[in-house]
Amino acid sequence: MKVCVIGTGYVGLVTGVCLAEIGHDVICVDKDESKVSSLMEGKIPIFEEGLEELVKSNVKKKSLVFDAETSSGVAKSDIVFICVGTPPLPSGKPDLTAIDDVARMIGKSLNGYKIILNKSTVPIGTAKRITKIIRENQEGDQGFDIVSNPEFLKEGEAVKDAFFPERIVIGSGSKKAINMMKELYGPIIRQDFDYASGNSHRKKQVPILITDSTSSELIKYASNAFLATKISFVNEVANICERVGANILDVTYGMGLDERIGSRFMKAGIGWGGSCFPKDVRALSYTAEEYGSPASILNAVIQVNNQQRFKIIQKAVDMLGIIEDKVIGVLGIAFKPNTDDTREAPSVTVINKFLELGAEVRVYDPIVRDYPDSMDRGALFVTDAYKAVEGADLMVLVTEWEEFLTLDFNRIKGIMSEKNIIDGRNFLDKKMLRELGYKYMGIGN
Ligand code: UGA
């Protein structure tokens, strides 16, 4: 099928390459011309395992092309994906400027029946809003159908999630559109495309859920909000563990053995961040408020998360007393491992607060090598974990990168000024570190 994907961010790029790999002809469009030329050369602006190879091989096969012209991309395709950003406004309400612009452009470029799929995470009712804008802007009376098709990929595992999703949700009232969607996603549903063969993530079959567009839009928000709730809940229990002398690792393990609760997404830590949870939980809470049904649980979930980041500061004060002039080595800046994304990363709050309290802060991340926008430039970037903790009074682990497990803690013992570790992810071997003479604090542990 001929597909146009508008927006080459995380979602657009991964969607485009996945559809090309399963046999469709894909044009990925982005208004940023320099990004388009880099992508044509196989240069990927984000760090995502496996993505670069797939882009290169599909560009070579000509099943994937990049273009800066939205109108020609739309005109050449039967199916058009909208994958543009919906960043939060200060109120928490998502900014739909990019969606509206794209809908106008699609309307002007319609030259026959097309399906317009919205993959961006959007407020309830956006499918109807897009329909209205396209109608207002189309010149003829070409038919079209709008489909809500939310994306559930996780950064760092995006390629795997695109090929081996847990479900495909289609929100549409049009039989024609639904049938075309089943055809488009056929290889994914059946899991019979080349890339799947021999892949350990291959599924027997991927469930497809057909519903109305409003329910589909809400499935996306409610899923992210539920996952964020799970983490905030566990973090709250971790804080109780610290008060009563229990161990959150055993508590969550014991809880997770109940299949109704499950063991995944139960890791206590310094809270959730990233480009999705903070934005989506706020957006759902905003929608709830707007429709006269205030979301008390969601508001508490946000509040618990905001406070959780400051647990690290409290623990540092408990360990060091006055923070001023102390040297602190921070390991990990990305909001989670295997990504270079620093949007709403807890590291930024923690580092800024340490600097505000007068500490000298050194930071290291295996992939992030530049200051996130909101990070105080007073922090010093170093090129390895050892340099971050040399002469330090405290090591703080913020992101659970695999490489931190293999650090030589015997060597570190000799170079730190004081042997203090705060493990914001309960990631390191507490027993081993205590035996080596470190003062170790985890979260609820
Ligand atoms: C999240 C969802 O997991 C995806 O399903 C969804 O498609 C995506 O948002 C999106 O809306 O685009 P992502 O933000 O990439 O994916 O990251 P997650 O792996 O879900 O982690 C989110 C945050 O929760 C991270 O800060 C992570 O450190 C934290 N987390 C996760 C915990 O603190 N504990 C856990 O047990 C799991």
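Keep in mind that what you see is a predicted model, and the values were worked out from it rather than measured.

**Brief notes about the overall build of the protein chain**
A tally of regular secondary structure across the protein chain gives 18 helices and 14 strands. In terms of C-alpha radius of gyration, the protein chain reaches 24 Å, essentially the compact-globule figure of 22 Å for 445 residues. Its C-alpha atoms give the protein chain principal-axis dimensions of roughly 75 × 50 × 40 Å. In the protein chain, which comprises 445 residues, the share counted as buried stands at 56%. By element, 51% of the accessible surface of the protein chain is carried by carbon and sulfur atoms, the whole surface being about 20000 Å².

**What to know about the side chain of Asn118**
Tracing the backbone through its elements, the reader meets Asn118 in strand β5 (residues 114-118). Residue class for Asn118 comes out buried when judged on its relative accessible area of 5%. Setting aside residues up to four positions removed in sequence, Asn118 forms contacts with Ile82, Ile99, Thr126, Ile130, Val147, Ser148, Asn149 and Pro150.

**Structural notes on helix α12 (residues 277-290)**
Over its 14 residues, α12 runs 20 Å from end to end, which matches the ideal 20 Å to within 8%, given 1.5 Å per residue. Of all 14 residues making up α12, 10 are buried, and the element is well covered by its neighbours. Burial in α12 covers these residues: Phe277, Pro278, Lys279, Asp280, Val281, Ala283, Leu284, Ser285, Thr287 and Ala288. Looking at the buried side of α12, the elements it contacts are α10 (213-244) and α13 (296-308). Residue Gly292 follows α12 closely and has a positive phi angle near 75 degrees.

**What about the domain arrangement of the protein chain?**
With domains assigned, the protein chain is organised as domain 1 (2-211), domain 2 (219-307) and domain 3 (309-441). Listed by partner, the interface residues are 7 residues for domain 1 and 8 residues for domain 3. For the domain 1 and domain 3 pair, buried surface summed over both sides reaches about 610 Å², with 47% attributable to carbon and sulfur atoms. Connecting domain 1 to domain 3 are 1 salt bridge. Salt-bridge contacts for Arg343 lead to Glu155; the nearest nitrogen and oxygen are separated by 3.8 Å. Linking domain 1 with domain 3 are 3 residue pairs in polar contact (both at pLDDT 80 or more). Of the residues belonging to the side of domain 1 that touches domain 3, the class tally is 4 nonpolar, 1 polar and 2 charged.

**What about the sheet that holds strand β14 (residues 439-441)?**
Reading across the sheet, the 6 strands line up as β11-β10-β9-β12-β13-β14 and stay open at both edges, with parallel pairing between neighbours. Each edge of the sheet is formed by a strand with only one pairing partner; in this case those strands are β11 (380-381) and β14. Where strand β9 (residues 327-331) and strand β12 (residues 394-397) come together, 4 bridges link them in parallel fashion. Note on β12: the bridge partner recorded for Leu331 is Leu397.

**Concerning the environment of Leu394**
With respect to the secondary-structure elements, Leu394 resides in strand β12. Residue classification places Leu394 among the buried positions, given a relative accessible area of 0%. Note: C-alpha distance between Leu394 and Met416 (22 residues apart in sequence) is 7.8 Å. Excluding its chain neighbours within four sequence positions, the residues that come into contact with Leu394 are Ala316, Met319, Leu320, Val327, Ile328, Gly329, Phe354, Met416, Asn420, Ile421 and Ile422.

**Describing the site of the ligand**
Inspection of the region around the ligand gives 19 residues, with Phe152, Leu153, Glu155, Lys220 and Asn224 positioned closest. One nitrogen or oxygen atom from the main chain of Phe152 is found 3.0 Å from an oxygen atom belonging to the ligand. Of all the secondary-structure elements, those providing two or more residues to the shell around the ligand are α10 and α12. By residue number, the principal contributor to the shell around the ligand is α10, which donates 3 residues. Considering only residue class, the shell around the ligand consists of 9 nonpolar, 2 polar and 8 charged.

Quick notes on the rules
Residues numbered from 1 in each chain as written. Predicted model: local features only at pLDDT ≥ 70, side-chain atom pairs only at ≥ 80, totals over all residues. Heavy atoms only, no water. Helix = DSSP H or I, 4+ residues; strand = E, 2+ residues; numbered from the N terminus. Rg over C-alpha atoms; globule rule 2.2 N^0.38 Å. Buried < 20%, exposed > 50% of the residue type's maximum accessible area, 1.4 Å probe, protein only. Areas by Shrake-Rupley, 256 points an atom, 1.4 Å probe, with all protein chains shown as cover. Contact = heavy atoms within 4.5 Å. Expected span 1.5 Å × (residues − 1). Domains from an automatic or database assignment. Buried area = accessible area lost by both parts, 1.4 Å probe. Salt bridge = Lys/Arg side-chain N within 4 Å of Asp/Glu carboxyl O. Polar contact = N/O pair within 3.5 Å; in protein donor to acceptor, adjacent residues only side chain to side chain. Nonpolar A, V, L, I, M, F, W, Y, C, P; charged D, E, K, R; others polar. Pairing = 2+ DSSP bridges. Near = heavy atom within 4 Å.

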